[in-house]
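# Inside the fold
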Amino acid sequence: MALFALMLTGSCQEKTSTPKILEEKPSLFPDYCGVTIPPNIAPLHFQLDHPAERVRAQVKDRQGNTLTTTAKEVIGFKSAPWKKMLLENMDDSLFVTLQAKYKDSGWVEYAPFTLYISAVPVDNYLVYRLIAPGYEVFSKMGIYQRNLTSFKETPILENTLVPGNCMNCHSFPSNSPEDMSLHIRGALGGTIIKKGYQTEMINTKADGIEGNCVYPYWHPSGEYIVYSVNQTVQVFHAIQDKRVEVVDLASDVVVYHPGRKEIITSPLLQTEDFETFPSFSPDGKTLYFSSSKFQKIPENYQEVRYNLCSISFDPESGTFGNRVDTLIDAASMGKSISFAKPSPNGEYIMFTLSDYGNFSIWHKEADLWMYNLKEKTMYPLTEANSPDVESYHSWSSESTWFVFSSRRMDGLYTRPFIASIDKNGNSTKPFLLPVRNPLRFYSFSFFSYNVPEFVTDKVTWNVGKVEKLLTSPKRQKVTLSN
Amino acid sequence: MNKLFKTLRWLLPCLFVPAIFLFFGCLYPHHLHYHEQFQLFLTTPEYFFEMILRPGGMADYLGTFITQFFLFSRVGALLMALFLGGMYVLLRAISQRIMTSKASIALSFIPPFFYWILLCNENFLPGGIIAILLPLVFWLLSLIIKNNKKQMLFVFILTPILYWFAGGSVILFTLGYAITQRKYIFRGVAALLLTVALFLLAKVLLSQFPLPRLIYGADYFRFPASYPPAVWILWLLCLIIPSVSALLTRLLKTPVRETIAAVLLSLAVFIPGTYMLAVNTNLQKEEIMAYDHYVRMQQWDKAIQRADKKMPTSPLSVACLNLSLCKSGKMSDYMFWYYQNGPEGLIPTFTRDFTLPMITGEIYYHLGFINTSQRFAFEAMESLPNYWKSGRALKRLAETNLINREYKVAQKYLHILEHTLFYKAWAKRTSEYLGNEELIASHKEWNTLRKYRSKTDFLDSEQEKDMMLGILLQQDLSHYMAYEYLLAYCLLTKDLDRFMQYFLLGSELRYARLPYSYQEALLYLWSLSHDNPIQTVPYPISDHIKRNLLSYQNTYVNALRPEEALKKNHANTYWYYLHFRK
């Protein structure tokens, strides 16, 4: 009994011992110190960069409510109290205090860091492709959807269903999961178009068009999909900092009308120059795209520089304007623009700026930039950028949140980061897509996250029907509009 | 007669199991290495759960666990012998449980023999044995249970579990149970219906797999989109052999007849079986795999010794031999002593598969084309049709990233390799090099490759390998491998103008004497434009080669069929290659 009492006392002393207070903030993986997060995000799990024997975290709001947890390694929170805490503190900050017990120095307490809870929720789902960051060959891959309010990830389509085939370029109109476009490449190649509960498989190679439709963007009405038609090749670098260059031998922009199965073209978008990565404005009346002067490939691949251009589009008649405007003359700055994505509220266009070319994921210098459509000014999203690659990005439906792919963690494997745009049009500090055991998960993963796209709800479709469509030789042909 | 049967009973397994061991250990060891390099067994729970998420996944998990031991071919051969022997033991025990039969002793060897023959094809995976053994074990256990109800319960409870563990081969268990239920046909039918229901349920739960894949279950074959009928035949054999045994016992009513039948059946199984094994054994592939293994392990002398015994002819084997010769400092002297099949036998052209890039990547690695080597390792791994990863490729990726100072990516791969059984120690040692420039500078291989790799950017070109080699050499004229490969490329493409042009770049390498193949090429070139080349040649050509050329010229001019005539004494010269090899 006495021994038990002694043990109990010892234990209490351990718990109540005063930790040494440090002035520095903890070094965490993922770095969640000072990030802004949506109120509906899954619990942020994290761990110290330097392993401790024991860690203790306390999340506290201004009202004094706390959420505490202890762990050997990974600090995690239960979903229900986390959500409650976030919802009660929207548009306010939470203060996280971390205590760690180290073998040599005992318990220490780091300076608290904040988590700012935005009042604007992010779209509930994130859709991405998981694929190894390879070259010409691909192994297992798939299009997956992640419920951002929890840790649940489910496949939309995996190439286990159709071995040896590649899938890419998933796209949704205005973040809606109802409609979707998805390409399959390989023996069972084609484009799957999902419109509500209807799914069809089409061959987008129309007579008179030099190739299949590639990079898609839906018209906000859901009546059209704009695609670029690219003849792409890969070349490979010899030096350490560079690996791959993906370049177009030719590229044009076309618009597809799924209802009529027609391709609409304009001579202004089918020039000798390279036109690629198209997108529609939120009102559907303007088509943005990247355009570069023609260059001989591969000799002059470093001279290919894309400007941000636009052309008007009439959704009623499905016709284009008669003039192409250059919004940003990036070529004259010795830069190149890709992935121009207008914000759903029509205020901004976010794009990737690199030194040349359009496949910015292989360009370490690639950064995210913003174009203010009202003031016609461009500026870097400094808080979101890193010394490594920032490339593909997309907006959440309410124009506050955006997700982007970055190779900042190890220089090769692309990871999705989420950030918000503040009232001045600047980015808040981005946070890595939360997972249960982040360090272990990301360090064991052989996959890159490709083309992250927000959708407001879960994408549902009949995989059995998709399998039948894929394995059937039938592909609906599209025709060129007169 | 009974004595003869007793002899057969111990003699057959005693011949069978060691024969498998000897086959894989001595004749086919590099097929085992081949299997090992195209998989990556991780000791992490994540790997376990990823593997067992679909029917047959546990068999695949155990299969990859076993296959990792194939790094040591003798251990691999022993495991193969034990598992195939185990298949025989189980089938024999099942047959005996159904009805004691002497005559059928040899029949139980048919399925393991059949799988052994299948394994002669490098794309049939050893893990498939596990998927067969599991239902056989449970079938035997069900037969041990005497109580009918308990047996039924055992079957109905175990069927879903076994399906998840072994995949479609669960049919051996349920159909095996069904055929023994003569009094309770309904139970047998119910067991079968349950199996079919499980297949359909799996398709509902795992909609991202095609139904045949879920029925097949485990990875018997490297290409998951293919469903070789051989696997269905194997299942059928495992199923019918115990029944045939029972039938034989009924037909052969006397012990004498049974023993005679046993002897005849043994001959009927083992003679055609051995013949089929011989027919299906592909020693040409084994040769390529052997050269690949020597290159992987940097056993250059072994590769050369093998070539001395039997000249390799396939481009991949020759490419490995040339690399071994070059690494041993013998290429420029002796490459034409061996069969050469053009530039493809020096640096094979990239193809989208998992074998060739792995081998060619080795050549690029040792030449100092670190990015190309990295790309080839990555592509080889990603080309694996069953979507597995490769320990060998991952190791190379870690090395190339380390050499390229991409320490975070290298760390990722090393971290993964630290969770393996046989790459762990290497990964731990290599982790110490991460970011430690001094330590890397003390590493002979990596430091040399850092020195040799390209400092200026250019784009890889399969069509202009000589240009790539030339760029590498121009950056460091002491890079003897780049020099020798460049000149070898010119010699093999018979582009002697370029050979002359590049030959002069070798002045920094300070050869003690001119390598033989260069002497032959130079003398030949000189002879084309000079009347008395032997006397006037300005290069230090040995008297032996001068005499050789005269002899060669004499035969070439005078013989009716010079190719045949020169083969005996001059097949090992560059001149013979130049004139007669396509």
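Sequence order sets the numbering: in each chain, residues are counted from 1 along the sequence as written. Working convention: letters from A go to chains and numbers from 1 go to ligands, in the order in which they are written. Residue-level local features of this predicted model are given only where pLDDT is at least 70; pairs of side-chain atoms are given and counted only at 80 or more, and the full residue set underlies all totals for whole chains, interfaces and linings. To obtain the side-chain values, all non-hydrogen atoms of the structure were used and water was disregarded.

Turning next to the overall build of chain B. Looking only at helices and strands, one finds 32 helices and 0 strands in chain B. Projected onto the principal axes, the alpha-carbon positions of chain B cover approximately 100 × 60 × 35 Å. With a 1.4 Å probe rolled over the protein chains alone, any residue whose accessible area is under 20% of its type maximum counts as buried; one over 50% counts as exposed, and the rest are partly exposed. Per-residue burial for chain B yields a buried fraction of 59% across its 582 residues. Summarising the internal contacts of chain B: among those between residues at least 6 apart in sequence, 69% fall at separations of at least 24. A residue counts as positive if it is Lys or Arg and as negative if it is Asp or Glu; His and the chain ends are not included. Charge placement uses NZ in Lys and CZ in Arg. For Asp and Glu, CG and CD serve respectively. Taking the average place of the 57 positive charges on the side chains of chain B and the average place of its 40 negative ones, the gap between the two points comes to 17 Å. Counting from the N terminus, the helices are the DSSP runs of H or I reaching at least four residues and the strands are the DSSP runs of E reaching at least two. Contacts are assigned to residue pairs that have any heavy atoms within 4.5 Å of one another.

For the rest of this paragraph, the subject is the interface of chain B and chain A. In this assembly, 43 residues from chain B lie in contact with 43 residues from chain A. Salt bridge, as used here, is a side-chain nitrogen of Lys or Arg placed within 4 Å of a carboxyl oxygen of Asp or Glu. A salt bridge links A:E467 to B:K203; the nearest nitrogen and oxygen atoms lie 2.8 Å apart. Elements that contribute at least two residues to the side of chain B that touches chain A include exactly helix 3 (45–51), helix 19 (370–382), helix 20 (391–403) and helix 21 (407–417) of chain B. All amino acids are sorted into three groups, where Ala, Val, Leu, Ile, Met, Phe, Trp, Tyr, Cys and Pro are nonpolar, Asp, Glu, Lys and Arg are charged, and the leftover types, Gly among them, are polar. Residues of the side of chain B that touches chain A, tallied by class, amount to 16 nonpolar, 12 polar and 15 charged.

Residues and elements named next belong to chain A. Only strands joined by at least two bridges in the DSSP assignment are considered to pair. Pairing within the open sheet is mixed, and its 5 strands lie in the order 14-15-16-17-36. Edge strands, defined here as strands with exactly one partner in the open sheet, are strand 14 (166–171) and strand 36 (476–477). Where strand 14 and strand 15 (residues 179–185) come together, 4 bridges link them in antiparallel fashion. Bridging from a neighbouring strand, S171 pairs with S181 of strand 15. Against the sheet, helix 4 (residues 463–471) engages strand 15, strand 16 (190–195) and strand 17 (198–203), with an angle of about 20° to strand 17. Only the stretch in contact is used when a helix axis is fitted, and all axes are lines through C-alpha atoms; the angle between N-to-C directions ranges over 0 to 180 degrees.

This paragraph deals with the sheet that holds strand 12 (residues 142–147) of chain A. Residues and elements named next belong to chain A. Pairing in this open sheet of 4 strands is antiparallel, and the strands run 13-12-11-35 from one edge to the other. Both outer strands of the open sheet, strand 13 (153–158) and strand 35 (448–455), are each paired with one neighbouring strand and no more. Sheet twist, expressed as the mean angle between neighbouring strand axes with direction ignored, is 25°. Both strand 11 (residues 125–131) and strand 35 contribute to a ladder of 6 bridges, which runs antiparallel. Within the sheet, the bridge partner assigned to R129 lies in strand 35 and is N450.

As a per-residue measure, pLDDT tells how confident the predictor is, with possible values from 0 to 100. Mean pLDDT over chain B: 94, with 100% of residues reaching 70 or higher. Scoring the predicted complex yields pTM 0.94 and, for the interface, ipTM 0.93.

We now examine the packing of aromatic side chains. Residue and element names in this part refer to chain A. Pairing of aromatic side chains here covers Phe, Tyr and the six-membered ring of Trp, requires ring centres within 6.5 Å, and sorts the geometry by plane angle: under 30 degrees stacked, over 60 edge-to-face, intermediate tilted. All chains considered together, the criterion is met by 80 aromatic pairs over all chains. Here Y135 and W362 contribute two aromatic rings whose centre-to-centre distance is 6.4 Å and whose plane-to-plane angle is 15°, an arrangement assigned as stacked. With Y135 in the loop between strand 11 and strand 12 and W362 in the loop between strand 28 (348–354) and strand 29 (367–372), this residue pair connects regions lying 227 residues apart in the sequence. This pair shows no difference in class: Y135 is buried, exactly as W362 is. When the centroid spacing of 6.2 Å and the interplanar angle of 55° are considered together, the rings of W395 and F402 count as tilted. Residues W395 and F402 agree in their burial class; the two are buried.

Right, let's talk about helix 2 (residues 29–37) of chain B for a bit. Counting buried residues along helix 2 of chain B, 9 of its 9 residues qualify, which places the element largely inside the surrounding structure. Within the sequence span of helix 2 of chain B, burial applies to B:P29, B:H30, B:H31, B:L32, B:H33, B:Y34, B:H35, B:E36 and B:Q37.

A few words now on the pairing of strand 20 (residues 244–257) of chain A. If a strand is regular, its side chains alternate between the two faces of the sheet. All names here are of chain A. Counting buried positions along strand 20 yields 12 of 14 residues, so the element is predominantly enclosed. Summarising the sheet, strand 19 (residues 225–236) and strand 20 pair through 12 bridges and their orientation is antiparallel. Bridge pairing links T232 to D248 in strand 20. In the sheet, strand 20 pairs with strand 21 (residues 262–264) via 3 bridges, with the strands oriented antiparallel. Along strand 21, the bridge assignment pairs H257 with E262. Counting the residues between successive antiparallel strands, the hairpin from strand 20 to strand 21 contains 4 residues, one of them, K261, with a positive phi of roughly 55°.

Once that is clear, we can look at the domain arrangement of chain A. Residues and elements named next belong to chain A. For chain A, the assigned domains read domain 1 (21–117) and domain 2 (125–471). An automatic or database domain assignment provides the domain bounds reported here. Once you take the C-alpha centre of each, domain 1 and domain 2 turn out to be 34 Å apart. The partner domain 2 presents 21 residues to the 20 residues of domain 1 that form the contact. Here domain 1 meets domain 2 over a buried area of about 1600 Å², counting both sides, of which 68% is carbon and sulfur. At the surface where domain 1 touches domain 2, the tally comes to 1 salt bridge. Across the pair K429 and D31 runs a salt bridge whose closest N-O atoms are separated by 2.9 Å. Between N or O atoms, a polar contact is any pair within 3.5 Å; within protein, one atom must be a potential hydrogen donor and the other a potential acceptor, and residues adjacent in sequence are included only when both atoms are from side chains. At the boundary of domain 1 with domain 2, the tally comes to 6 residue pairs in polar contact (both at pLDDT 80 or more). Secondary structure elements with two or more residues in the side of domain 1 that touches domain 2: strand 3 (36–37) and strand 4 (46–48). Values labelled buried area give the accessible surface lost by two parts on being combined, using a 1.4 Å probe and summing over both.

Another aspect to go through is the domain arrangement of chain B. Domains assigned within chain B are domain 1 (19–281), domain 2 (285–452) and domain 3 (516–582). Just the C-alpha atoms count here: the centres of domain 1 of chain B and domain 3 of chain B sit 61 Å apart.

Looking now at the nonpolar core. All names here are of chain B. We define a nonpolar core as any set of buried Ala, Val, Leu, Ile, Met, Phe, Trp, Tyr and Cys residues linked to one another through side-chain atoms lying within 4.5 Å. In terms of nonpolar packing, the biggest core is built from 78 residues, with F24 and L136 touching the most fellow members. Leaving out residues up to four positions away in the same chain, L136 has contacts with M87, L90, L91, I94, L172 and C238. In terms of nonpolar packing, the next biggest core, distinct from the first, is built from 75 residues, Y338, Y364, M481 and Y552 among them.

Right, let's talk about helix 6 (residues 110–118) of chain B for a bit. Residue and element names in this part refer to chain B. Of all 9 residues that make up helix 6, 7 are buried, and the element is covered over most of its length. Along helix 6, the residues that are buried comprise P111, P112, F113, Y115, W116, I117 and L118. Close packing links the buried residues of helix 6 with helix 1 (2–27), helix 5 (73–98), helix 7 (128–144), helix 12 (229–251) and helix 13 (255–280).

On to the packing of helix 9 (residues 170–179) of chain B against helix 10 (residues 185–205) of chain B, then. Between two packed helices, the angle of one axis relative to the other and the distance separating the axes together describe the packing. Residues and elements named next belong to chain B. At their nearest, the axes of helix 9 and helix 10 sit 7 Å apart, and the two run at 160° to each other. Between helix 9 and helix 10, the angle is such that the two are roughly antiparallel. Here helix 9 and helix 10 pass one another in a crossing that is left-handed. From helix 9, V170, I171, T174, L175, Y177 and A178 reach across to helix 10, where they touch R187, G188, A191, L192, T195 and F199. For the contact of helix 9 with helix 10, the residue count by class is 8 nonpolar, 3 polar and 1 charged. These descriptions rest on fixed angle ranges, namely under 35 degrees for roughly parallel, over 145 for roughly antiparallel, 65 to 115 for roughly perpendicular, and the rest for oblique. Rotating anticlockwise by less than a right angle from the far helix to the near helix defines a left-handed crossing, while the corresponding clockwise rotation defines a right-handed one.

Attention now moves to the side chain of B:R375. You can see B:R375 is positioned in helix 19. Taking the relative accessible area as the measure of exposure, B:R375 reaches 5% and is therefore buried. For B:R375, the contacting residues outside a window of four places in its chain are A:Y135, A:E136, A:F236 and B:D460.

Residues and elements named next belong to chain B. What the rule picks out here adds up to 37 salt bridges over all chains. One salt bridge connects R396 with E399, and the closest N-O pair in it is separated by 3.0 Å. Here R396 and its partner E399 are both found in helix 20, 3 residues apart, which amounts to about one turn of the helix. Of the two residues, R396 and E399, both sit in the buried class. Through salt bridges with shared partners, a single network forms among D292, E362, R392, R396 and E399.

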